[in-house]
Amino acid sequence: MEVNVRWVLPTALAPLAWGANYYVTHAYLPADRPLWGAALRALPAGLLLLALARRRPHGPWWWRSALLGLLNTALFFVLLYLASQLLPTSAAATVMAASPLAMLLTAWALAGRRPHRAHLAGSLVGLAGVALTLLGRGGAIGWTGLAASTGAMLVSSVGYVLAARWREGADPLAATAWQLTAGALLLLPLAAAAEGAPPAMDAPALLAFGYSTLIATALAFTCWFTGLRHLPAGTVGLLGLLNPLAGVLLGTVLDGDPFGVRQGAGLALVAAGILLGRPRARADEEPADEPADGPAAELTDEPADGPAAVPFVESSAAPPVPGRACPGAG
């Protein structure tokens, strides 16, 4: 028990960092540079994790890393950046809480993995909570922002299904480093062609990019993967709740986002859905061997059940794309 408690706090840092990244992106990063924003988040983090992992891609992992980097880093980070800019902070964080349902349905459609009834029911309850939270916001919720959030969930879910089929031959930290680096290298020429030179940044923007790449990506994914090897999967799922909760709290306190009875009830439904969809805990439950979130997340027969199952996640997403999935790692 003491060993598990020791790993709770560092693991909890990941969803907290992903949830806070919605506010950091919304408040401090340039709104008109999503390609550069995604590239500048992914490349330093990817190179740092590559130095820590000390492993290069090999064999099929060269093209796998490129494809997963396109889905779980390039497209996911760009869409997540757009969602963070176009939606209120609390709304962007809450929408991504629907990512477990997107992952379940994608795995069912592409890999024939029929979801357990409890997982499906829990995801639907969580989705109802997301819808309830977003109701009544009027013009604050734009269709473009919702489309970006939905796209982020879909591309990361496809990436997770592919990662599940390619789980052999790479540890999670190395696979994450390869995907982040590959995705950033894909983004750099596109950013230069479409958005010109990198954005000029003042001190707050530099600090915000530092937070996004070092804390919300490199450190968060490292803490998440480490915790997943020391904590039971049930504990990790509960910690994932901190992702949308942190985003909603910061959006409400720092950004002035509305929070009333409807939003509170919606978040309660999200939490209830996650608890409902959890695998039943056993007295002899072992720590999870595989990541439940982030760009290198892998689906098993028991899909990840946290709200960041992202970039985070942030999935999200994972990212937790990155973020992820933390959900998504955000």
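Fair warning: this is a prediction, and the values are worked out from it, not measured in the lab.

Chemist: What should I look at first to understand the overall build of the protein chain in this one?
Modeler: The helix and strand tally for the protein chain stands at twelve helices and zero strands. Beginning at the N terminus, the succession of helices and strands in the protein chain can be written as α-α-α-α-α-α-α-α-α-α-α-α. Each of the 330 residues in the protein chain was classed as buried or not, and the buried ones make up 57%. Accessible surface computed for the protein chain: about 13,100 Å², of which carbon and sulfur atoms make up 69%.

Chemist: Even after reading the chapter, I still don't get the confidence of the model for the protein chain, so can you show me in this structure?
Modeler: Interpretation of this model should avoid reading the predicted coordinates in detail wherever pLDDT is low. The predicted model of the protein chain averages 76 in pLDDT, with 77% of residues at 70 or higher. Every residue in residues 281-313 scores below 50 in pLDDT, and together they form 212 contacts with partners more than four places removed in sequence or on other chains. Here residues 315-327 is a poorly scored stretch, pLDDT under 50, and it has 189 contacts once near neighbours within four places are set aside; other chains count.

Chemist: Mind showing me how you'd approach the packing of aromatic side chains here?
Modeler: The relative placement of two aromatic rings is captured by the distance of their centres and the angle of their planes. A full pass over the atoms with the stated rule returns six aromatic pairs. Ring geometry for Phe76 and Phe77: centres 6.0 Å apart, planes at 45°, overall tilted. In this structure Phe77 comes out as buried when scored by relative accessible area, which is 2%. Chaining the aromatic ring pairs together yields one cluster made of Trp18, Phe221 and Trp224. A cation over a ring is seen here: Arg41 above Phe77, with NZ or CZ 4.3 Å from the ring centre.

Chemist: Explain a nonpolar patch on the surface here, please?
Modeler: Taken together, Trp63, Leu67, Leu70, Leu75 and Leu186 make up a surface patch of nonpolar side chains, about 420 Å² in accessible area. A per-element tally of the nonpolar patch places helix 3 (residues 61-86) first, with four residues. Locating Leu75 in the fold gives a position in helix 3.

Chemist: What am I meant to see in unusual backbone geometry here?
Modeler: Positive phi is not limited to glycine here, since Arg54 has a value of about 60°. Within the secondary structure layout, Arg54 lies in the loop between helix 2 (34-53) and helix 3.

Chemist: Can you walk me through the nonpolar core in this structure?
Modeler: Across soluble globular proteins, you tend to see nonpolar side chains buried next to one another. Core analysis: the biggest nonpolar cluster contains 37 residues, and Tyr22, Phe76, Phe77, Met96, Met153, Leu180 and Leu187 have the highest contact counts within it. Counting residues per element, the ones that place at least two in this core are helix 2, helix 3, helix 4 (89-95), helix 7 (143-165) and helix 8 (172-195). Membership of the second largest hydrophobic core comes to eleven residues, among which are Trp61, Ala174, Ala175 and Trp178.

Chemist: Just checking my understanding: could you explain the packing of helix 2 against helix 9 (residues 203-228) for this structure?
Modeler: Each pair of packed helices can be summarised by the angle the axes make with each other and by the distance between the axes. Where helix 2 meets helix 9, the axes come as close as 9 Å, and the angle between the chain directions of the two elements is 40°. As the angle between them shows, helix 2 and helix 9 are arranged oblique. In the crossing of helix 2 with helix 9, the sense of the turn from one axis to the other is right-handed. Judged by residue contacts, Gly37, Leu40, Arg41, Pro44, Ala45, Leu48, Leu49 and Leu52 of helix 2 engage Phe209, Ser212, Thr213, Leu214, Ala216, Thr217, Ala218 and Thr222 from helix 9. Partitioned by chemical class, the residues of the contact of helix 2 with helix 9 number ten nonpolar, five polar and one charged.

Chemist: Where do I start with the side chain of Arg33 in this structure?
Modeler: Within the secondary structure, Arg33 sits in the loop between helix 1 (2-28) and helix 2. For the buried Arg33, no salt bridge exists, and the shortest N-O distance to an oppositely charged side chain is 4.2 Å, to Asp32. Excluding anything up to four places from it in sequence, Arg33 contacts Tyr81, Glu195, Ala197, Pro198 and Pro199.

Chemist: Would you take a moment to explain the packing of helix 3 against helix 8 for this structure?
Modeler: One way to put it is that helix 3 packs onto helix 8 with a least axis distance of 7 Å and a crossing angle of 70°. For the element pair helix 3 / helix 8, the angle class is roughly perpendicular. In terms of crossing hand, the pair formed by helix 3 and helix 8 is right-handed. Taken together, the residues of helix 8 that come into contact with helix 3 (itself represented by Trp61, Ser65, Ala66, Leu68, Gly69, Leu70, Asn72, Thr73, Ala74, Phe77 and Val78) are Ala175, Trp178, Gln179, Leu180, Ala182, Gly183, Ala184, Leu186 and Leu187. The residue makeup of the contact of helix 3 with helix 8, split by class, is 14 nonpolar, six polar and no charged.

Chemist: It is not clear to me how helix 8 should be interpreted in this structure. Could you clarify?
Modeler: For the α-helix, the turn length of 3.6 residues means that residues three or four positions removed from each other point alike. Here helix 8 spans 32 Å end to end across 24 residues, near enough to the 34 Å set by a 1.5 Å rise per residue. Its axis deflected by about 25° at Leu187, helix 8 carries its strongest bend there, up to four residues before the proline Pro189. At the exit of helix 8 stands Gly196, carrying a positive phi of roughly 80°.

Chemist: I'm lost on the environment of Ala45 in this one. Help?
Modeler: Residue position: Ala45 is located in helix 2. Taking the C-alpha atoms as reference points, Ala45 and Thr176, separated by 131 residues in sequence, lie 9.7 Å from one another. Contact partners of Ala45, with chain neighbours within four places excluded, come to Leu180, Thr213, Thr217 and Ala218.

Chemist: Got a minute to help me understand the environment of Leu47 in this structure?
Modeler: Relative to the helices and strands, Leu47 resides in helix 2. Along the backbone, Leu47 and Ala177 are 130 residues apart, and their C-alpha atoms lie at a distance of 6.9 Å.

Chemist: Sorry if this is basic, but what is going on with the environment of His230 here?
Modeler: By secondary structure assignment, the location of His230 is in the loop between helix 9 and helix 10 (233-239). Sequence separation of His230 and Trp7 is 223 residues, and the distance between their C-alpha atoms is 6.8 Å.

Calculation notes
- Residues numbered from 1 in each chain as written.
- Predicted model: local features only at pLDDT ≥ 70, side-chain atom pairs only at ≥ 80, totals over all residues.
- Heavy atoms only, no water.
- Helix = DSSP H or I, 4+ residues; strand = E, 2+ residues; numbered from the N terminus.
- Buried < 20%, exposed > 50% of the residue type's maximum accessible area, 1.4 Å probe, protein only.
- Areas by Shrake-Rupley, 256 points an atom, 1.4 Å probe, with all protein chains shown as cover.
- pLDDT = per-residue confidence, 0-100.
- Contact = heavy atoms within 4.5 Å.
- Phe/Tyr/Trp six-rings, centres within 6.5 Å; stacked < 30°, edge-to-face > 60°.
- Lys NZ or Arg CZ within 6 Å of the ring centre and 35° of its normal.
- Patch = residues over 30% accessible without salt bridge, like charges linked within 9 Å, V, L, I, M, F, W, Y side chains within 5 Å.
- Salt bridge = Lys/Arg side-chain N within 4 Å of Asp/Glu carboxyl O.
- Core = buried A, V, L, I, M, F, W, Y, C linked by side-chain atoms within 4.5 Å.
- Axes fitted to C-alpha atoms, helices over the stretch in contact; angles between N-to-C directions.
- Parallel < 35°, antiparallel > 145°, perpendicular 65-115°, else oblique.
- Left-handed = near helix turned anticlockwise from the far one by under 90°.
- Nonpolar A, V, L, I, M, F, W, Y, C, P; charged D, E, K, R; others polar.
- Lys, Arg positive; Asp, Glu negative; His and termini not counted.
- Expected span 1.5 Å × (residues − 1).
- Bend = angle between axes of the 7 residues up to and from the residue.

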